[in-house]
Amino acid sequence: METFINPKSLFHLLLLPCLLLYSSIAYNSSPVEAAMHTNNWAVLVCTSRFWFNYRHMANTLSLYRTVKRLGIPDERIILMLADDMACNTRNKYPAQVFNNENHRLNLYGDNVEVDYRGYEVTVENFLRVLTGRHETAVPRSKRLLSDEGSHILLYMTGHGGDEFLKFQDSEELQSHDLADAVKQMKEKHRFKELLIMVDTCQAATLFNQLQSPGVLAIGSSMKGENSYSHHLDSDVGVSVVDRFTYYTLAFFERLNIYDNASLSSLFSSYNPSLLMSTTYYRKDLYKRRLEEVPVTNFFGSVMETIHTDAAYKALSRRNSGRFEDEMSLDQSVHHIKRRMLIKVNDGDEIHDINPEGEEGASKCPWSTFRNKFQKAENVDSLLNYGLVAMIPLLVISTWLVQ
Amino acid sequence: MAETKEKSLSDEKPKPRVRPIVRLGIFLISHSFHVSVVCCTAGVLALFLLPVLAKNTYISENALMPGSASPMLSNQHVSDGNRLVKDLTNPNSKSSETGIESHKIIAQYMLDLGAEVSFHKFHPQMNQFHPLHFFSSPDSGKIQENYSCSSYGINTVGIIRAPHGDGKEAIVLVTPYNALKSGFGEALSLGIAYSVFSLLTQVTWLAKDIIWLVADSQYGEYAAVAAWLREYQTPKFSSLSTPNAEMCPDVNNLFELKGHSISGSKFSNSFRRAGTMASALVLKVRDQNEQFEDTISIYAEASNGQMPNLDLINVVNYLAVHRQGLRVNVEKLWSLLNSSWLKSLGEIFESLAKVAKSLYPKWKFGIPATEYVEGTATLASSLYYQALGVPTGPHGAFRDYQVDAITLEISPKFSLDKVWRNDILLRGGRLIEGVIRSVNNLLEKFHQSFFLYLLTSPSKFVSVGVYMIAFAFLIAPLPMVAASLYVDANSSSNCSKGDSSTPSAITDTDEHSIAIRSWRWLNSAKLVFIVHLWGAIVSLLPYFISQIPDCSPTTSFMIWVLLSILSLLTLNSVLASPLACAKATQEKEWALVKSVTISSVFIGLGLMSVINFATAEIGALLMVPMCLLAQPLKLDVRAGTLRSFCRMICNLVLGHIAFPPAALFLLKGMLDGFGNANVGDFWMWVESLWAWNSATYLFIGMVQLPCWVLCISILFHTC
């Protein structure tokens, strides 16, 4: 027996389960590839004050309405409005905001939940929302509770310049600040993919410092260009919408929740002569091909479907997800409908689990291991690995007993 | 650096290194004659170049957004306004002797619209000379006495509260109205204001309260507005005014009648206020007009050449020209329009600009000659009215409280048919509405655009940064010439002393004499000081002269002149005689006097340019050549060359022109013709200056007059 079990082979035997364990963890610890797109968030920011900036609030509210119509629920939209135009004394239509001079659509209707308003909209609060570093008293409704499976739409409008965006006529958000916040979000697994959409003058410069993978950015104008307002409402006496946002909205007005228009079709829909500025999009950090990403991945809440035969056997989801990836985007309406149904359930489940897992995530390596174990997805394989690891333990214990 | 230091240390006798700026100063002082000629020419040229350098106005404040909202004033409002005009011009309303009836009509109209209405009764204050009240804010606590019940005016005030506003700010609309002898123009201006007012009671977009002040102009437009503003801004907590009102049954009657007829309405006996005034518009309609199209004149100058923010003028100009199709003009000196020399100057500039453009296509600064002439005429009037320091309309009263205000005078092409009247009501009303809506959008006070500017046309302006250059060129030679004169006077006397005295005498008296010589300028300084003191006394004299009852302007002026001469002689004999005799023999004493005079003029002009630029500019045009050229006539006569002869002639001419009354006489002659000018005019002019607390008066009394006297004394210096 002693010749059979020499120390070297014993070491190998001991190493085996560790390796197995490690490999399984390593597989899990690259969440960009691993995490599913499970939920959608939108952060919509209007950064400028004052009555003559009416259009910025109208821009933001229009986009709010659009993403809501396309399926992102209110609790997943963080709406920041730097001023209250609806109740401005100069407003000819008190408590109403319009983005078109035909006044057919009141953007400030019944179901508008403004999370940050007036002087709450500061650079500090904006960065806190992105990075999730709130004071304890901040209610959940004002937090961006996204996770590594989230697609986030970040829309900002206001007055900008070369690598900055003005907040409240007193502060500036610089491109470095934005890039830093995004990087922190990435490290904290707060998003899977992030679409930054900015409608300001020289918007493209705001993206200069971004480095984090999974970020797609689109701005209304290049460096040295202005973004212009679309039209003046001579009844209200102010410009009511900016050109870039106007044509974005025009694009989305044609869509409903089941449409499959891709991001590239959105990006190519901007006509520089109508916009009077050149849209700029930065996609070098973004891995997927824009033609294959439906706009509803960001502006709606539409996710990939996992088809399961049995009600409770959703464990091998990754494989099915991959299968879905390979399928073309032009699928039948029937299929999309079905995946919508599934989506709602999925989103809620995952969402409830994750925040708890995240809180302990950064404390020590062991807790990360534990978290990985806790992930429901890999219970199957882990069990198998565990059983394999038990064999050498059994061998050792029997050998020690002898 | 270190090497050079070591070098300088190692040198036994380091060369006295003069810093470049000192060297430059020495150079300039030694060539002061050429420098002063160049600078003065440049200064005058720069002044004439200003119309070419004028920039187009632009709306600087984002929040204003003039014309972005379409006007809401409809024919309904116009017919409302028409109704008021008819009621006011109706002969029945004029039957009352005090004109109270028409005030009642206006108040009733305001009440019908749902506005808060109150009457403000005021006693016209006579303009008096208060020597200590220059630059001080108008005083509320003046003791009012000797007012009879017959001499009071009634302002009717209507206030609309902004429906959603916080009531912290207000916009004021003023229409001067004389109930006793109102022309059709005044009634029409009330009609325009009323139509706007009736619109504003209905709109939801008001952020600032609207105050409509119907100023009783029977004692002058300015007095009524100023009285109301005084009451508004500096509330009286004493019960001075109430007993006054009670003593006069007529006023009581007016108040009570109102109270009874409309009980429970928004009429109130007490003084009503709204928020801080954001801006004010004074609206007038001129009765006669010889223009061929509807024009609107803007008057902006307030006391001491203060101007409202340029944005306010821009908004009015933009809306009038681009929205209502009215022609806008600002005051011009009409006499300049036809002057041929100006036209040829404009042509020279135009051709120069063409040459420059052909050399380098990016140089585009030329303007057509006709435009140049018009620009110069406008600029000259802008300078003149600012220099005068007297407000050009009731808007001046607002500027005293730092409220931006202008007077708009609409002069329609006159005809009496109804269509025309409706048209002018509509366009005038829409213009006022647009301006009010634009100002309503303001978030802060007017602050973005310029406060210091000269207009060359309603849409062109010269900002402070540009027009100061001309002034700076003009006064730049003064300190240099003063320094060079001082140096000359000292060195030449040194030389002469050195030649005359024997070497043995130098040894013991040298230090002493040098010490005395270096302080010699104090004598001249004393003389200058005495003359300035005299100037102050002369400026105070009118206060005492005005106390003499029943004095015609001519006699007052004569008394003033006599007293001034008397006081000059007394001062001279009392203060200056003992030392003046001793130093009279001194050579070149006049040079020192001139040097100190020039320094004092420099200081005076510099100070004045801060208070009122236009006055300083015109003063510099007169005084700088006079100061620089002044030289004893005897010397020139003795020299007998052509150059000295020319200088003599120039000195004599300038000596006449720069005398303030003569300057005014010339100015008046140029503007109105020499026929109707007389001696009393200057007294009246001076009276108006001190009545308006114009700093120009102080400038003339304490800078220009002493300077003139000193220059004359240099001219007649016995040397």
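Here the residue numbers are simple positions, counted from 1 along each chain's written sequence. The lettering of chains begins at A and the numbering of ligands begins at 1, in the order of writing. It should be noted that, the model being predicted, local features are given only for residues of pLDDT at least 70 and side-chain atom pairs only at 80 or more, the latter also being counted only at that level, while totals for whole chains, interfaces and linings use all residues. Hydrogens are left out, water is left out, and the side-chain values use all remaining heavy atoms of the structure.

J.: Whenever I open this one, the overall build of chain B confuses me. Can you help?
T.: Assigned secondary structure in chain B consists of 27 helices and 12 strands. Only protein chains enter the accessibility calculation, which uses a 1.4 Å probe. A residue is then buried if its area is under 20% of the maximum for its type, exposed if over 50%, and partly exposed in between. Buried residues in chain B amount to 50% of all 719 residues. The contact rule is simple, with two residues in contact once any of their heavy atoms fall within 4.5 Å. Long-range contacts, defined as pairs at least 24 residues apart, comprise 85% of the intrachain contacts of chain B with a sequence gap of at least 6. Computed with a 1.4 Å probe, the accessible areas rest on the Shrake-Rupley method; for each residue, only the protein chains presented here act as cover. In the structure as shown, chain B presents an accessible area of about 33,500 Å², 63% of it carried by carbon and sulfur atoms. Segments assigned H or I by DSSP are reported as helices when at least four residues long, segments assigned E as strands when at least two residues long, and all are numbered from the N terminus.

J.: It is not clear to me how the pattern of salt bridges should be interpreted in this structure. Could you clarify?
T.: It is possible for side chains bearing opposite charge to pair when their charged atoms get close. Residues and elements named next belong to chain B. Salt bridge, as applied in this entry: a Lys or Arg side-chain nitrogen positioned within 4 Å of an Asp or Glu carboxyl oxygen. Summed over all chains, the structure comprises 26 salt bridges over all chains. A salt bridge links Glu116 to Arg161, with the shortest nitrogen-to-oxygen separation between them at 2.9 Å. Here Arg161 lies in the loop between β3 (153–160) and β4 (169–177) and Glu116 lies in strand β2 (residues 116–122), a separation of 45 residues in the sequence. It is possible to trace a salt-bridge network through shared partners that takes in Glu116, Arg161, Asp209 and Arg272.

J.: Honestly, a nonpolar patch on the surface in this entry has me stumped. Any pointers?
T.: On the surface, a nonpolar cluster with roughly 530 Å² of combined accessible area is contributed by Val355, Leu359, Tyr360, Trp363 and Phe365 of chain B. Within the element layout of this structure, Phe365 of chain B appears in the loop between α12 (340–359) and α13 (369–388). Exposure above 30% relative accessible area and the absence of a salt bridge qualify a residue for a patch, where like charges join within 9 Å and nonpolar side chains (Val, Leu, Ile, Met, Phe, Trp, Tyr) within 5 Å.

J.: Just to check I follow, could you spell out the UniProt feature "active site" (unreviewed entry) in chain A for this structure?
T.: Residues and elements named next belong to chain A. UniProt positions are given in the numbering used here, feature names are shortened, and annotations may be inferred rather than shown by experiment. Mapped onto this structure's residue numbering, the UniProt feature "active site" (unreviewed entry) falls at His159 and Cys201. On the basis of their most widely separated C-alpha atoms, the annotated residues across 43 residues gather in one place, lying no more than 6.4 Å apart. Positionally, His159 belongs in the loop between β4 (150–157) and β5 (160–161). Not counting chain neighbours up to four residues away, the residues in contact with His159 comprise Thr47, Ser48, Asn53, Arg55, His56, Leu165, Lys166 and Thr200. Polar side-chain contacts of His159 include one of 2.7 Å to the side chain of Asn53. The exposure class of Cys201 is buried, given its relative accessible area of 17%. Contact partners of Cys201, with chain neighbours within four places excluded, come to Gly160, Gly161, Ser221, Glu225, Asn226 and Ser227. Any N or O atom pair separated by 3.5 Å or less is treated as a polar contact, with the protein-specific requirement of one donor-capable and one acceptor-capable atom, and with residues adjacent in sequence counted only for side-chain atom pairs.

J.: When you look at the sheet that holds strand β6 (residues 164–167) of chain A in this model, what are you seeing that I'm missing?
T.: All names here are of chain A. Spatially, the 3 strands line up as an open sheet ordered β5-β6-β7, and their pairing is antiparallel. The two strands at the open ends of the sheet, each matched to only one other strand, are β5 and β7 (171–174). When DSSP finds two or more bridges between two strands, those strands count as paired. For β5 and β6, the ladder comprises 2 bridges, and the chain directions are antiparallel. Bridge pairing in β6 links Gly160 to Leu165.

J.: For this particular structure, what's the right way to read the domain arrangement of chain B?
T.: A common way to report how large an interface is uses the accessible area buried once the components associate. Residue and element names in this part refer to chain B. Domains assigned within chain B are domain 1 (28–44 + 468–491 + 515–575 + 586–716) and domain 2 (58–90 + 97–125 + 151–234 + 265–331 + 392–440). Bear in mind that the domain bounds are from an automatic or database domain assignment. Between the C-alpha centres of domain 1 and domain 2 there is a distance of 44 Å. With 7 residues of domain 1 at the interface, the matching set in domain 2 holds 4 residues. Scanning the region where domain 1 abuts domain 2 turns up 0 salt bridges. Here the residues of the side of domain 1 that touches domain 2 are counted per class, giving 3 nonpolar, 4 polar and no charged. Classification used: nonpolar for Ala, Val, Leu, Ile, Met, Phe, Trp, Tyr, Cys and Pro, charged for Asp, Glu, Lys and Arg, polar for all others including Gly.

J.: What should I look at first to understand the UniProt feature "transmembrane region" (unreviewed entry) in chain B in this one?
T.: In this structure's numbering, the residues bearing the UniProt feature "transmembrane region" (unreviewed entry) are residues 21–50, 464–487, 527–545, 557–579 and 691–716 of chain B. Spanning residues 691–716 of chain B, this segment combines 85% helix with 0% strand, and its end C-alpha atoms are found 36 Å apart.

J.: How should the nonpolar core be read in this particular structure?
T.: Here is a general trend for soluble globular proteins: nonpolar side chains tend to be buried in one another's company. Residue and element names in this part refer to chain B. Among the nonpolar cores identified, the biggest contains 78 residues, and Leu200, Trp212, Ile406, Leu408 and Ile432 are the most heavily contacted of them. Here this core gets 11 residues from one element, more than from any other, and that element is helix α6 (residues 184–200). Contacts of Leu408, omitting those with residues within four sequence positions, involve Leu281, Val282, Leu283, Lys284, Ile296, Ser297, Ile298, Val316 and Ile432. Counting 74 residues, the second largest nonpolar core, distinct from the first, contains Val390, Val462, Leu485 and Leu664. By nonpolar core we mean a set of buried residues, namely Ala, Val, Leu, Ile, Met, Phe, Trp, Tyr and Cys, connected to one another through side-chain atoms within 4.5 Å.

J.: What am I meant to see in the environment of Asp166 of chain B here?
T.: Among the secondary structure elements, Asp166 of chain B is positioned in the loop between β3 and β4. Through-space distance from the C-alpha of Asp166 of chain B to that of Gly275 of chain B is 8.9 Å; in sequence the pair is 109 residues apart.

J.: Can you help me understand the pairing of strand β9 (residues 215–219) of chain A in this one?
T.: Within a regular strand, side chains alternate between the sheet's two faces. All names here are of chain A. The buried fraction of β9 is high, at 5 of 5 residues. Of the two faces of β9, the one lined by Val215, Ala217 and Gly219 and the one lined by Leu216 and Ile218 are each fully buried. Here 5 bridges tie strand β8 (residues 193–199) to β9, and the two strands are oriented parallel to one another. Following the sheet pairing, Ile196 is matched in β9 by Ala217.

J.: Which parts of the structure should I look at to understand the packing of helix α3 (residues 54–69) of chain A against helix α6 (residues 243–253) of chain A?
T.: In a pair of packed helices, the angle between the axes and the distance between the axes together describe the arrangement. All names here are of chain A. As a packed pair, α3 and α6 sit with axes 10 Å apart at the nearest point and diverge in direction by 20°. Here α6 runs roughly parallel to α3, going by the angle between their axes. Regarding α3 and α6, the two cross each other, and that crossing is left-handed. Here α3 contributes Asn59, Ser62, Leu63, Arg65, Thr66 and Arg69 to the contact with α6, which in turn contributes Thr245, Thr248, Leu249, Phe252 and Glu253. Class assignment for the residues of the contact of α3 with α6 results in 3 nonpolar, 5 polar and 3 charged. Axis lines are fitted to C-alpha atoms, over the contacting stretch for helices. Their N-to-C directions set the angle, which ranges from 0 to 180 degrees. Should an angle fall under 35 degrees it is taken as roughly parallel, and over 145 as roughly antiparallel, whereas 65 to 115 is taken as roughly perpendicular and any remaining angle as oblique. Should the near helix be turned anticlockwise from the far one by less than a right angle, the crossing is left-handed, and should it be turned clockwise, the crossing is right-handed.

J.: Just checking my understanding: could you explain the interface of chain A and chain B for this structure?
T.: Taken together, the 15 residues of chain A in the interface contact 19 residues of chain B. Once two parts are joined, some of their accessible surface, as seen by a 1.4 Å probe, is lost; buried area is that loss totalled over both. Taken together, both faces of the contact between chain A and chain B bury some 1,300 Å²; the carbon and sulfur share is 59%. Counting the contacts that link chain A with chain B gives 9 residue pairs in polar contact (both at pLDDT 80 or more). Taken together, the residues of the side of chain A that touches chain B sort by class into 7 nonpolar, 4 polar and 4 charged.

J.: Looking at this model, I keep getting lost on the pairing of strand β11 (residues 453–457) of chain B. Mind explaining?
T.: Residues and elements named next belong to chain B. Burial within β11 is extensive, with 5 of its 5 residues counted as buried. As judged from the 4 bridges shared by β11 and strand β12 (residues 460–463), these two strands associate in the antiparallel manner. In the strand pairing of β12, Ser457 is matched with Lys460. Connecting β11 to the antiparallel partner β12 that follows it, the hairpin turn spans 2 residues.

J.: Could you clarify how one ought to interpret the UniProt feature "transmembrane region" (unreviewed entry) in chain A in this entry?
T.: Mapped onto this numbering, the UniProt entry gives "transmembrane region" (unreviewed entry) at residues 382–401 of chain A. Note that residues 382–401 of chain A is 100% helix and 0% strand, and that its end C-alpha atoms are spaced 28 Å apart.

J.: Quick question: what am I supposed to make of the sheet that holds β3 of chain B here?
T.: Through backbone hydrogen bonds, the strands of a sheet pair up, either in parallel or in antiparallel fashion. Residue and element names in this part refer to chain B. Reading across the sheet, the 9 strands line up as β6-β2-β3-β5-β4-β7-β10-β8-β9 and stay open at both edges, with mixed pairing between neighbours. Strands with a single pairing partner mark the edges of an open sheet, and in this sheet they are β6 (267–268) and β9 (327–330). With 5 bridges connecting them, β3 and strand β5 (residues 209–216) associate as antiparallel partners. Paired with Gly158 across the bridge in β5 is Trp212. Here helix α10 (residues 310–323) sits on the sheet and contacts β7 (276–285), β8 (295–299), β9 and β10 (404–411); the angle it forms with β10, its principal contact strand, is near 25°. Lying over the sheet, helix α15 (residues 418–440) contacts β4, β5, β7, β8 and β10, oriented at roughly 165° with respect to β7.

J.: Which parts of the structure should I look at to understand empty space enclosed by the protein?
T.: To locate leftover empty space, one rolls a probe as large as a water molecule over the atoms. Residue and element names in this part refer to chain B. Note on definitions: the grid is 1 Å and covers protein atoms alone; a cavity is a set of points where a 1.4 Å probe fits but cannot get out; a pocket is an open set with protein on both sides within 12 Å along at least five of seven lines; lining residues have an atom within 4 Å of a point. Grid points are joined across faces, edges and corners, and a volume is the space filled by probe spheres set on the points. All chains considered together, the criterion is met by 3 cavities of 30 Å³ or more. Of the voids in this model, the largest cavity is the one considered here, and its volume is about 90 Å³. Looking at the lining of the largest cavity, the elements with two or more residues in it are β8 and α13. In terms of residue count, α13 provides more of the lining of the largest cavity than any other element does, 3 residues in total.

J.: What is the right way to read the packing of helix α4 (residues 75–89) of chain B against helix α5 (residues 100–112) of chain B from this model?
T.: Residues and elements named next belong to chain B. Two elements in contact, α4 and α5, have axes whose closest approach is 10 Å; the angle formed by their N-to-C orientations is 160°. With respect to α5, the axis of α4 lies roughly antiparallel. Where α4 crosses over α5, the handedness of that crossing is right-handed. Between α4 and α5, the residues in contact are Asp80, Arg83, Leu84, Asp87 and Leu88 and Ser102, Ile105, Ile106 and Tyr109, respectively. By residue class, the composition of the contact of α4 with α5 is 5 nonpolar, 1 polar and 3 charged.

J.: Where do I start with the side chain of Ser609 of chain B in this structure?
T.: Residue and element names in this part refer to chain B. With respect to the element layout, Ser609 can be found in helix α21 (residues 589–611). Ser609 sits in the buried class, given a relative accessible area of 12%. Those residues in contact with Ser609, other than ones at most four positions away along the chain, are Met468, Phe471 and Ala616.

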